[in-house]
Amino acid sequence: MIEALKYDEHEIALFEQKEFITYICQEFSINEKSLYSDYYKKLKDVQEKCNLLDVVDTIKGNSEAIKTFIQQNNDYNNDVFTALAVMKLGIKLHLNENLNRLNNRIT
């Protein structure tokens with residue numbers, strides 16, 4: 001019998017944060033060092049509401065649209081703005097996808 005690996009919630013949260021940060025920094029050319037501690041606090045808040053890995057999957061599926069939005073709205077070419085925009089857009093898109101799935105089940 002294979003014994004299941006057990007991780008505490010803190011380890012899982014840190015893994016999700018690392019995966020999220022790594023992906024958005026690579027995909028959107030963000031310098032991770034430019035992200036401040038408040039950004040990580042916002043990530044923790046997001047994790048209370050949804051899984052960051054699910055949000056990453058949503059961002060991957062919509063990366064070109066997100067990049068276009070950022071190019072049109074980031075006048076200062078600011079990494080913090082980009083990171084916040086990616087997070088917010090990713091969450092909104094993720095929640096909309098979930099809402100659409102629920103609506104489709106009802107109808």
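Anyway, here's the lowdown on the structure attached to this text. (Residues numbered from 1 in each chain as written. Predicted model: local features only at pLDDT ≥ 70, side-chain atom pairs only at ≥ 80, totals over all residues. Heavy atoms only, no water.)

### Focus on the overall build of the protein chain
Next, step 1: Looking only at helices and strands, the protein chain features five helices and zero strands.
Next, step 2: Written out in order from the N terminus, the α and β elements of the protein chain read α-α-α-α-α.
Next, step 3: For the C-alpha atoms alone, the extent of the protein chain along its principal axes is close to 55 × 40 × 20 Å.
Next, step 4: Buried positions account for 32% of the 107 residues belonging to the protein chain.
Next, step 5: Of the contacts made within the protein chain by residues no fewer than 6 positions apart, 72% connect residues no fewer than 24 positions apart.
Next, step 6: Of the roughly 7,800 Å² that the protein chain leaves accessible, carbon and sulfur atoms contribute 51%.
Next, step 7: Taken as two groups, the 13 positive and 17 negative side-chain charges of the protein chain have centres that lie 3 Å from each other. (Helix = DSSP H or I, 4+ residues; strand = E, 2+ residues; numbered from the N terminus. Buried < 20%, exposed > 50% of the residue type's maximum accessible area, 1.4 Å probe, protein only. Contact = heavy atoms within 4.5 Å. Areas by Shrake-Rupley, 256 points an atom, 1.4 Å probe, with all protein chains shown as cover. Lys, Arg positive; Asp, Glu negative; His and termini not counted. Charge placed at Lys NZ, Arg CZ, Asp CG, Glu CD.)

### Details of the packing of helix H1 (residues 9–27) against helix H2 (residues 37–49)
Next, step 1: Between H1 and H2, whose axes approach to 11 Å, the crossing angle comes to 120°. For the element pair H1 / H2, the angle class is oblique. H1 and H2 meet at a crossing whose hand is right-handed. Contact residues: Ala13, Glu16, Gln17, Phe20, Ile21 and Ile24 in H1; Tyr39, Tyr40, Leu43, Lys44 and Gln47 in H2.
Next, step 2: In terms of residue class, the contact of H1 with H2 is made up of seven nonpolar, two polar and two charged. (Axes fitted to C-alpha atoms, helices over the stretch in contact; angles between N-to-C directions. Parallel < 35°, antiparallel > 145°, perpendicular 65-115°, else oblique. Left-handed = near helix turned anticlockwise from the far one by under 90°. Nonpolar A, V, L, I, M, F, W, Y, C, P; charged D, E, K, R; others polar.)

### Details of the side chain of His94
Next, step 1: Along the chain, His94 turns up in helix H5 (residues 79–106).
Next, step 2: With residues up to four places along the chain from it excluded, the contact list for His94 reads Cys50, Asp54, Val55 and Thr58.

### Considering the pattern of salt bridges
Next, step 1: Applying the stated criterion across every chain, the model contains four salt bridges.
Next, step 2: Close ionic contact of Glu64 with Lys67 constitutes a salt bridge, the shortest N to O distance being 3.8 Å. One end of the pair is Glu64 and the other is Lys67, both in helix H4 (residues 63–73) and three residues apart, which spans about a single turn.
Next, step 3: Arg101 serves as the salt-bridge partner of Glu97, at 3.9 Å between the closest nitrogen and oxygen. In this pair, Glu97 and Arg101 both sit in helix H5, four residues apart, roughly one turn of the helix.
Next, step 4: With a relative accessible area of 31%, Glu97 lands in the partly exposed category.
Next, step 5: In the salt-bridge network here, residues are joined through shared partners; they are Glu27, Glu64 and Lys67. (Salt bridge = Lys/Arg side-chain N within 4 Å of Asp/Glu carboxyl O.)

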